[in-house]
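# Report on the structure
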Amino acid sequence: MAERAAGGCCLGWDFSTQQVKVVAVDTELKVFYEDSVHFDRDLPEYGTQGGVHVHEDGLTVTSPVLMWVQALDMLLEKMKASGFDFSQVLALSGAGQQHGSVYWKTGAGRVLTGLLPDLPLHKQLQACFSVSNSPVWMDSSTTAQCRRLEATVGGPHALSCLTGSRAYERFTGNQIAKISQQNPEAYSHTERISLVSSFAASLFLGSYAPIDYSDGSGMNLLQIQDKVWSPVCLSACAPHLEEKLGPPVPSLSVVGAVSSYHVQRYGFPVGCKVVAFTGDNPASLAGMKLEEGDIAVSLGTSDTLFLWLREPTPALEGHIFCNPVDAQHYMALLCFKNGSLMREKIRDESASCSWSEFSKALQSTEMGNGGNLGFYFDVMEITPAVTGRHRFSAGNREVSAFPPEVEIRALVEGQFMAKRIHAESLGYRVMPKTKILATGGASHNKDILQVLADVFGAPVYVIDTTNSACLGSAYQAFHGLAARTDLRFSEILKLAPSPKLAAIPMPGVSQEDP
Ligand SMILES: Nc1ncnc2c1ncn2[C@@H]1O[C@H](COP(=O)(O)OP(=O)(O)O)[C@@H](O)[C@H]1O
Ligand SMILES: O=C(CO)[C@@H](O)[C@H](O)COP(=O)(O)O
């Protein structure tokens, strides 16, 4: 598996919620290597569940930053042990779970530039973080900071027009504001703040990597039209923030070459390019070769739905990000927190902890679930901000329980109905030519994809790997290599395999009825 790369290859990384993953793609754009390190399973000493620690208040959610570093060490060692030929890597790029932040302690930049090839990264970076538990996207503890930011810029709509979103608890500006207010000493000892994506890029560069426009759009700090930090948002969040963030860069920028650490320890070629890392959803947009009119549905830890947009259309719900592959365009995103982990809970309660039993329940029940409907939010949802389990029987009567197979269909139909309804409230319409592109761990499950096709009344396509963020990152790396040739992303991807049909709506489903 690891030996094929004679003409060179690019690597795409993904530092997601539950794991670090990598794919290697050859010059014909074929994936020839995929691997991962799973935080809960492979690094149990950090005691995470689903890659995170949920704190006692039920709102604060963090991950140990050194766990991410150690996971990268482990994955690079796994690749080396499998005979992966690092000398063939022409360029690399990557993605990270969005919004999470990393706080580099004063002096850490010097450690990064002087890394010793004899030691793993996590041994050398132990003392480099002023905040050892990084806030992540599942955190919802910053409501006070959100209200303050909105009030400062003239309300939620004004903030949305400026930064692409009203204030959201998980957005990094609000997280930084909380740290600077509640832990001022740690904040003052911080010389650089990275997103998970730019932090991961820094580990390859051996110096601080810039934040790219697309992932930077998930901070409530970037003016998405002008692509500069908003002075009013910066000063509303924390002092001296601009210097701690560094200037943002276009998503396809080559930000440098891999550090001598990786050249000496793993055999990367000198000059191997590092292309800016971005958010996992933007990277998935690139990996799925999303086109205008398509809808992407990512079923990873979070469920997300995203679209390609020509013009930004800021609203009070959902987000507008800068587009990662076309600097003139944008993408719209809706994020649902009760995604895979909620499905796992119902699987454990109603399908004996088995995905195949879960699938059997979907196969044995009919589309529409006999009128039974459910909405399941064990953790405070993002879209919309509600909690609890809500079940309604055919007569629209609230009930406290369903039989197991009805429960499973109610969950999956309810999740996809919510996605369609929220997308439509943003103005999106399913058209006869609409394609749904599905990705993420749950897109392995054909029965879940069938429900998705039925609820949207549109065909569902998948790509060869569920790791679309890794794949998109590898494509970004190829794009970075060709930067001087002025080739468009779509031209570079001509050889890339097209998405394959995975499910079509059952006969009788019309596009009009969700
Ligand atoms: N066969 C399956 N059916 C439904 N869900 C699945 C299946 N296999 C994996 N998953 C879900 O995929 C999730 C992980 O998706 P992934 O995209 O790898 O997450 P992330 O990138 O956020 O770490 C798991 O939490 C699991 O619930
Ligand atoms: O908060 C968001 C998007 O706004 C999440 O989608 C995170 O980016 C986490 O991604 P996964 O690990 O679930 O793929």
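Keep in mind that this is a model prediction, so the values were computed, not measured. (Residues numbered from 1 in each chain as written. Chains lettered and ligands numbered in written order. Predicted model: local features only at pLDDT ≥ 70, side-chain atom pairs only at ≥ 80, totals over all residues. Heavy atoms only, no water.)

Per the counting criterion, the structure on display carries 18 salt bridges. The partner of D303 in a salt bridge is K419, with the nearest N and O atoms 3.1 Å apart. Of the two residues, D303 sits in strand 16 (residues 303–309) while K419 sits in helix 17 (residues 404–425), which places them 116 residues apart along the sequence. Look at D303 and you get buried, because its relative accessible area is 0%. Overall, K419 belongs to the buried group, its relative accessible area being 1%. Two residues, R347 and D348, come together in a salt bridge whose shortest N-O distance is 2.9 Å. Residue D348 is classed as partly exposed on the basis of its relative accessible area of 36%. (Salt bridge = Lys/Arg side-chain N within 4 Å of Asp/Glu carboxyl O. Helix = DSSP H or I, 4+ residues; strand = E, 2+ residues; numbered from the N terminus. Buried < 20%, exposed > 50% of the residue type's maximum accessible area, 1.4 Å probe, protein only.)

For the rest of this paragraph, the subject is the layout of surface pockets. Space inside the largest pocket adds up to approximately 780 Å³. Looking at the largest pocket, it is lined by 37 residues, and the ones nearest its centre are K21, L299, G300, T301 and G441. Those elements that provide at least two residues to the lining of the largest pocket are strand 2 (19–26), strand 3 (31–38), helix 14 (280–287), strand 15 (295–299), strand 18 (330–336), helix 15 (340–350) and helix 19 (468–481). Here the second largest pocket is characterised by a volume of approximately 670 Å³. Lining the second largest pocket are 33 residues, with W308, V325, R488, F489 and S490 positioned closest to its centre. Secondary structure elements with two or more residues in the lining of the second largest pocket: helix 10 (213–216), helix 14 and helix 20 (489–492). Of the residues in the lining of the second largest pocket, the class split is 16 nonpolar, eight polar and nine charged. (1 Å grid on protein atoms, 1.4 Å probe; cavity = no way out; pocket = protein on both sides within 12 Å on 5 of 7 lines; lining within 4 Å. Points joined across faces, edges and corners; volume = space filled by probe spheres on them. Nonpolar A, V, L, I, M, F, W, Y, C, P; charged D, E, K, R; others polar.)

In this numbering, the UniProt entry assigns the feature "domain: Carbohydrate kinase FGGY C-terminal" (unreviewed entry) to residues 296–479. Overall, residues 296–479 shows 35% helix and 22% strand. The separation of its end C-alpha atoms is 21 Å. (UniProt positions renumbered as here; feature names shortened; annotations may be inferred.)

This part covers helix 19. Given 3.6 residues per turn, any residue in an α-helix points the same way as the ones three and four places further on. Its 14 residues give helix 19 an end-to-end C-alpha distance of 20 Å, which sits within 8% of 20 Å, the value for a rise of 1.5 Å per residue. Of all 14 residues in helix 19, 13 are buried, a share of seventy percent or more. (Expected span 1.5 Å × (residues − 1).)

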